[in-house]
Amino acid sequence: IEDYASAERLAQISYQQNSRHASTLRVRTIALQGLGRFEEARQSASELLAREPNLTARSYLEFHPAAPFATGQNWARLLQDAGIPSG
């Protein structure tokens, strides 16, 4: 089960502790997009790209351990839907 509400809440707590942590921004972007909070997801994706300008959905899949699974594929799609380039 993909619990985007919990993921967003935990990412927000993490973000408050360290707003520069790229993994937190990735999780937050995925969660917001998954929750249908599209404008917030786009803003988060923009902030993520400022930190990781070379990030693409493809590069995300190349390095993420969940890439071979449906969950990882879904997360990459959510990142792309939020504004991360496909690659």
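Residues numbered from 1 in each chain as written. Predicted model: local features only at pLDDT ≥ 70, side-chain atom pairs only at ≥ 80, totals over all residues. Heavy atoms only, no water.

**Brief notes about the packing of aromatic side chains**
Scanning all chains against the criterion turns up zero aromatic pairs. The ring of Tyr-15 is capped by Arg-28, whose NZ or CZ atom sits 4.3 Å from the centre of that ring. (Phe/Tyr/Trp six-rings, centres within 6.5 Å; stacked < 30°, edge-to-face > 60°. Lys NZ or Arg CZ within 6 Å of the ring centre and 35° of its normal.)

**Re the packing of helix H1 (residues 4-17) against helix H2 (residues 22-34)**
Between H1 and H2, the shortest axis-to-axis distance is 8 Å and the interhelical angle comes to 145°. Once H1 is placed against H2, the crossing between them reads as left-handed. Packed against H1, whose contacting residues are Tyr-4, Ala-7, Glu-8, Ala-11, Gln-12, Ser-14 and Tyr-15, the element H2 presents Thr-24, Leu-25, Val-27, Arg-28, Ile-30, Ala-31, Leu-32 and Gly-34 at the interface. (Axes fitted to C-alpha atoms, helices over the stretch in contact; angles between N-to-C directions. Helix = DSSP H or I, 4+ residues; strand = E, 2+ residues; numbered from the N terminus. Left-handed = near helix turned anticlockwise from the far one by under 90°. Contact = heavy atoms within 4.5 Å.)

**Concerning the side chain of Arg-26**
Along the polypeptide, Arg-26 turns up in helix H2. There is a polar contact of 2.7 Å between the side chain of Arg-26 and the side chain of Ser-23. Excluding residues that lie within four positions of it along the chain, Arg-26 makes contacts with Leu-48, Glu-52, Leu-55, Tyr-60 and Leu-79. (Polar contact = N/O pair within 3.5 Å; in protein donor to acceptor, adjacent residues only side chain to side chain.)

**A few points about the nonpolar core**
Side chains that are nonpolar tend, in soluble globular proteins, to be buried together. Counting residues in each nonpolar core, the largest one holds 18 residues, and the members touching the most others are Tyr-4, Ile-30, Leu-48, Leu-55, Tyr-60, Leu-79 and Ile-84. Secondary-structure elements contributing two or more residues to this core are H1, H2, helix H3 (38-51), helix H4 (57-63) and helix H5 (70-82). The dominant element in this core, judged by the number of residues it contributes, is H2, at five residues. With residues up to four places along the chain from it excluded, the contact list for Ile-84 reads Ala-45, Leu-48, Leu-49, Leu-55, Thr-56, Ala-57 and Leu-79. (Core = buried A, V, L, I, M, F, W, Y, C linked by side-chain atoms within 4.5 Å. Buried < 20%, exposed > 50% of the residue type's maximum accessible area, 1.4 Å probe, protein only.)

**A look at H1**
If you check H1, its first and last C-alpha atoms are 20 Å apart, about what 14 residues at 1.5 Å a residue would give, namely 20 Å. Of all the positions in H1, only Tyr-4, Glu-8, Ala-11 and Tyr-15 are classed as buried. Across the axial projection of H1, the buried residues extend over an arc of 65°, all falling on one side. Every exposed residue of H1 that faces more than 90 degrees away from the buried side is listed here: Gln-16 and Gln-17. Of the surrounding secondary structure, the elements contacted by the buried residues of H1 are H2, H3 and H5. (Expected span 1.5 Å × (residues − 1). Arc of directions from axis to C-beta.)

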